[in-house]
Amino acid sequence: MSSIIKLQNISKIYQTKNIETSALDDVSLEIEEGEFVSIMGPSGCGKSTMLNIMGLLDKPTSGTVEIKGKNVDGMSDKALARLRNETLGFVFQSFHLINTLNIVDNVMIPLVYRHGAKDKSRLAREALERVGLSHRLGHMPSQLSGGQAQRVAIARAIVGNPSIILADEPCGNLDSKMGAEIMDLLHHLNKDLGKTIVMVTHNADQARQTDRIINFFDGRRVK
Amino acid sequence: MKIIFKNLWHRRAQNGWLFAELIIVTFLAWEIIDPVAVSISDRNEPLGYDADRLVNLSFISLPENAAEYKAEEADSASNVANSAKIARYLESLPEVESACFAGSNPILNSSSNYWDQLRSGNPAVDTLVKNIISVQYEPDSKFFETMGIESAPGSPSPEELSRLNIGPREIIVTEDYARLFWPDENALGKKFITVSRDGKDTTYTTIVGVVKGLRYQSILRSRCLIFKQDRYFDYNTDFDEFAYTVRLAPGVDPKQFVADFGPERRNKLSIGNFRLNKIAEQQALIDNVEFTYGIASNRKIKMILCSFFLINLILGTVGCFWLQTRRRVSETGVLRSFGALKSQIIKMLIGESVVLATTAFIIGDLLYLQYALKEGFDLGFVNNMSLNVIDNWVSNFWEHFGIVSLIVYALIIICVIIGTLLPALKLSRINPVDALRDE
Ligand SMILES: Nc1ncnc2c1ncn2[C@@H]1O[C@H](COP(=O)(O)OP(=O)(O)OP(=O)(O)O)[C@@H](O)[C@H]1O
Ligand SMILES: [Mg+2]
C-alpha cells in the first residue's frame, strides 16, 4: 500500500515577539491509504499544529509534506486551495458551522468552491442523509444539538468526496453518548467509504478503536 | 452568488442599519450631487461661439483738461476715423485674424444687456410673447466672423451677415429662438409683430438672418438671442469708453497675447484722443461674470460639500463593514479550509455590499423620484428658468433623472467598494489557522 500522507522531518517554530515556541521538532510520519489513525498526547504538544500542516492550512518551518505522492512545497496558493478542496475534509472540535447559512448551505460550501460542481444541493442532501440528518434540512446551526452540529460538519467534510478526513478532537465538545455516535459515523466512513481518517483525540477508548495510535510528547513523536 | 444573498438575508438584523443608512445616503446624495452635476454641465455646455480665441481691448477718451488732449480730433467724424485706425492697427498684428468694434462693452458676455419682447407673426403661435436678450452690434464691424458665430443652414454666411445693412425693422435671430415661433419652418424672411402700448400701431420686424444658437453669458442656459444693428458713435456724442474684440489666429494663446501686449503696441494704439485702458481675454470676462453672480463660489461650495459627503460615505461604510467583518473571521477560516481563495473571499464580501448598496439605492432613488415629481429638479441658476431653456438633459425630466441616478449610483458603489475593500483585504490576509482559532 502506498502512503497517502507523508511528512518528513517536519519542524514548526512559532515566533511571537521575543519568544520562540517550538511546536514540532523533526517529526516524520506516514499514513497509508484507508487507514484510521489517531493522534494522542498531552495538551500543547503540537497535535493540532501537526494536523494543520497535514491539512495544508499551515506551512512547516522546515521539512516536506507529500499528499498523494505530491510534494506540496512551493505550490501556489491556488493549487493548495484546490488540493484542500478536492482531497481534504476537515472536522473541527468546535464544529465551525456558519451561523447565517442553513445546514444544507453549510454542507454545500466545499462544492461552491469546486470548479464545475453540479447538483450541489442534491449532493449536500445525500451527505446529510449519510450522517442521519435528512429530517433537519432547513434548520439553522443554532437550532441543532452539539452532536447534530458535528454530524453536519462531518457531512460538510465528506460532501466533496475527499480521500482524507482530518478531525481535530471531533468529540471534544460532546458528551460520551454523542461522542460514541460520532465515532460510529467515522468508522462507517472509514470502513464503508474507504476514507483515510486522521483524528486527534484525548480519549484513549476512542483511540483504541482505530487502526493505529501515534503518540506525541512535547513536539516529538513517541516511538 | 447565492451565498451572497443568503448571507445578507440571514444577517438582515445587522445589515438593516447599513441598509437604512444607504437609502438615506442615496436621497441626500441626490440632493447634493444634482446641483453639482447641473452646474458642471452648464459650465461645459458649449457657448456657441469661439470664446477661447477672443481678446477684448477697452479704450478711453482723454478728458478735455489732459495735457495730450487734441480739441481738433474731438468731433464725431474724427472719432469714427480714429476708431477705424485702431481696427486697422489691430488687424495688422500677426496674431490677429480680425477685429470688431464692440461699442461701450464687449458685446457677448457683457454684464449689461437689453431685453426685447416680440410676438410671432405665425398664426399658429400667435399669442406667444417671449422676452429675449437683444444684442446690439456695430454695422460693418465683422461682428459675426470675429465672434465665431456660425450661420444656420440656408442663411447668409457670417461675413455676409456682418456686411448686411440692416434697417430698424430687420433682425437676425438664433435658430433656437426662431424655433419657438416657427417650429417646423425656415424662419428666414418671417416676420415678428410688435404692437404699440396703446394697441393702435402694429409694426413688423423681418428676420434677415438666422445663426446657430449661442449663450450670451455662461451662466445662462438659453441659446436664444436676437441681433440688431446700432451705430455707436451716432448715439453717443459724449462717450468716454468703448471696446474692441479681436479674434486671434488659430493656435495663438490669448493669455500669452495679453501678457505680451507691451508698451510699443500700447503706444501705437494711442490714436487721436483714444488710449488703451484694459486688455483681457474673453475667458477672464466670463469668469468675472460668474464671479459677480456668485456662480463660481456657489459651485466651489457645492463641490466641497459634495466631496465631504462622499468621504463621509466611505468612512461610514468602512466603519459599518469593519464591525461586521470582524465578527466573520472564523467564517473566512472555514471557507479557506474548504478551498476558498483569498480573492474569492474578497469578492464575496464586496458582492454582499454591492448587492446591499444596489438595493438600497433603488429604493432611495425611487423615493427621490417621488420627491422630484413634486418639487422638480435643481435647474441651476435662476435666470435660466425665466426664459426659453435650451433642450438638454437638464431640462428633460426623465433624462435628468436617469443621468443623475447613474452618477449617484456610480459614486455610491465606488464609495461602498472602497469601504468594503479595506476590511475585506484585512480579513482575507488572516491565515486560516489563526482565523479558525478565533471564536
Ligand atoms: N499561532 C501560534 N503562535 C504561537 N504559538 C503557538 C501558535 N499555535 C500554537 N502554538 C504553540 O504551539 C504548541 C503546540 O500547539 P498545538 O495547538 O498544536 O497543541 P495541541 O497538541 O493541539 O494541544 P491541545 O491538545 O490543547 O489542543 C503550543 O505550545 C502552543 O502554545
Ligand atoms: Mg489542539
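Every value quoted in this text rests on a predicted model; they were computed, and no experiment measured them.

Peer 1: Lay out the overall build of chain B with the relevant residues and their values.
Peer 2: Counting its regular elements, chain B contains 16 helices and 10 strands. Classification of the 439 residues of chain B by burial places 50% in the buried group. Partitioning the contacts of chain B with sequence separation of at least 6, the portion at a separation of at least 24 is 80%. For chain B, the exposed area adds up to about 21100 Å²; of that, 57% sits on carbon and sulfur atoms.

Peer 1: Describe the packing of aromatic side chains, with residues and values.
Peer 2: Residue and element names in this part refer to chain B. Summed over the entire model, instances satisfying the criterion amount to 27 aromatic pairs over all chains. On the numbers, 5.4 Å between centres and 65° between planes, the contact of Phe144 with Phe227 is edge-to-face. With Phe144 in helix H4 (residues 143-147) and Phe227 in strand E8 (residues 226-229), this residue pair connects regions lying 83 residues apart in the sequence. Residue classification places Phe144 among the buried positions, given a relative accessible area of 0%. For Phe227, a relative accessible area of 0% gives the class buried. Centre to centre, the rings of Phe257 and Phe261 are 5.5 Å apart; their planes meet at 65°, and the pair counts as edge-to-face. Taking the relative accessible area as the measure of exposure, Phe257 reaches 3% and is therefore buried.

Peer 1: I'd like a rundown of the confidence of the model for chain B, residues and numbers included.
Peer 2: Here chain B averages 83 in pLDDT, and 87% of its residues register 70 or above. Under the prediction, the complex receives an ipTM of 0.91, its pTM being 0.75.

Peer 1: Give me the lowdown on the sheet that holds strand E6 (residues 88-91) of chain A, citing residues and values where you can.
Peer 2: Residues and elements named next belong to chain A. Pairing is mixed in the open sheet, where 6 strands are placed in the order E6-E7-E8-E3-E9-E10. In the strand order of this sheet, the two ends are held by E6 and strand E10 (220-222), each with one partner. Going across the sheet, the axis of each strand differs from the next one's by a mean of 25°, ignoring polarity. With 4 bridges joining them, E6 and strand E7 (residues 164-168) adopt parallel strand pairing. By the bridge assignment, Phe90 is partnered in E7 with Leu166. Of the strands in this sheet, strand E3 (36-40), E6, E7, strand E8 (196-200) and strand E9 (212-217) are in contact with helix H1 (residues 47-54), which crosses E7 at around 155°.

Peer 1: I'd love a proper account of the sheet that holds strand E9 (residues 241-248) of chain B, names of residues and values included.
Peer 2: The strands that make up a sheet pair up through hydrogen bonds in the backbone, lying either parallel or antiparallel. All names here are of chain B. Here 4 strands make up an open sheet; going across it, the order is E2-E9-E1-E10 and the pairing antiparallel. Each of the sheet's edge strands pairs with one partner strand only, and the pair in question is strand E2 (96-101) and strand E10 (274-281). If you compare each strand with its neighbour and ignore which way they point, the axes differ by 25° on average. Where strand E1 (residues 54-61) and E10 come together, 7 bridges link them in antiparallel fashion.

Peer 1: Could you give an account of helix H13 (residues 342-375) of chain B, naming the residues involved and the relevant values?
Peer 2: Since the α-helix advances by 3.6 residues per turn, residues separated by three or four positions end up pointing in the same direction. Between its first and last C-alpha atoms H13 of chain B spans 48 Å; for 34 residues at 1.5 Å apiece the expected length is 50 Å, and the two agree. Of the residues one or two after H13 of chain B, Gly376 of chain B is the one with positive phi, at around 80°.

Rules and cut-offs
Each chain has its residues counted from 1, following the order in which its sequence is written. Each chain is given a letter, starting from A, and each ligand a number, starting from 1, according to the order in which they appear as written. Per-residue local features of the predicted model are confined to residues with pLDDT of at least 70, and side-chain atom pairs are confined, for both listing and counting, to 80 or more; whole-chain, interface and lining totals are unaffected and use all residues. Only hydrogens and water are removed before side-chain values are computed, so all heavy atoms of the structure are retained for them. Per the convention used, a helix needs a DSSP run of H or I reaching at least four residues, while a strand needs a run of E reaching at least two, with both numbered from the N terminus. Think of it in three bands: with a 1.4 Å probe and only protein chains considered, a residue is buried below 20% of the maximum accessible area for its type, exposed above 50%, and partly exposed in between. Pairs of residues are marked as contacts when any of their non-hydrogen atoms sit within 4.5 Å. Per-residue and other accessible areas were derived by the Shrake-Rupley procedure at a 1.4 Å probe size, with only the shown protein chains allowed to occlude residues. Ring geometry is summarised as follows: Phe, Tyr and Trp rings, the Trp one being its six-membered ring, pair when their centres sit within 6.5 Å, and such pairs are stacked at plane angles under 30 degrees, edge-to-face over 60 and tilted between the two. The predictor attaches a confidence to each residue, called pLDDT, with possible values from 0 through 100. By this definition, two strands are paired if DSSP reports at least two bridges between them. Angles here are taken between N-to-C directions and fall from 0 to 180 degrees, while the axes themselves are lines fitted to C-alpha atoms, restricted in helices to the stretch in contact. Given a helix with a known number of residues, its expected span is that number minus one, times 1.5 Å.

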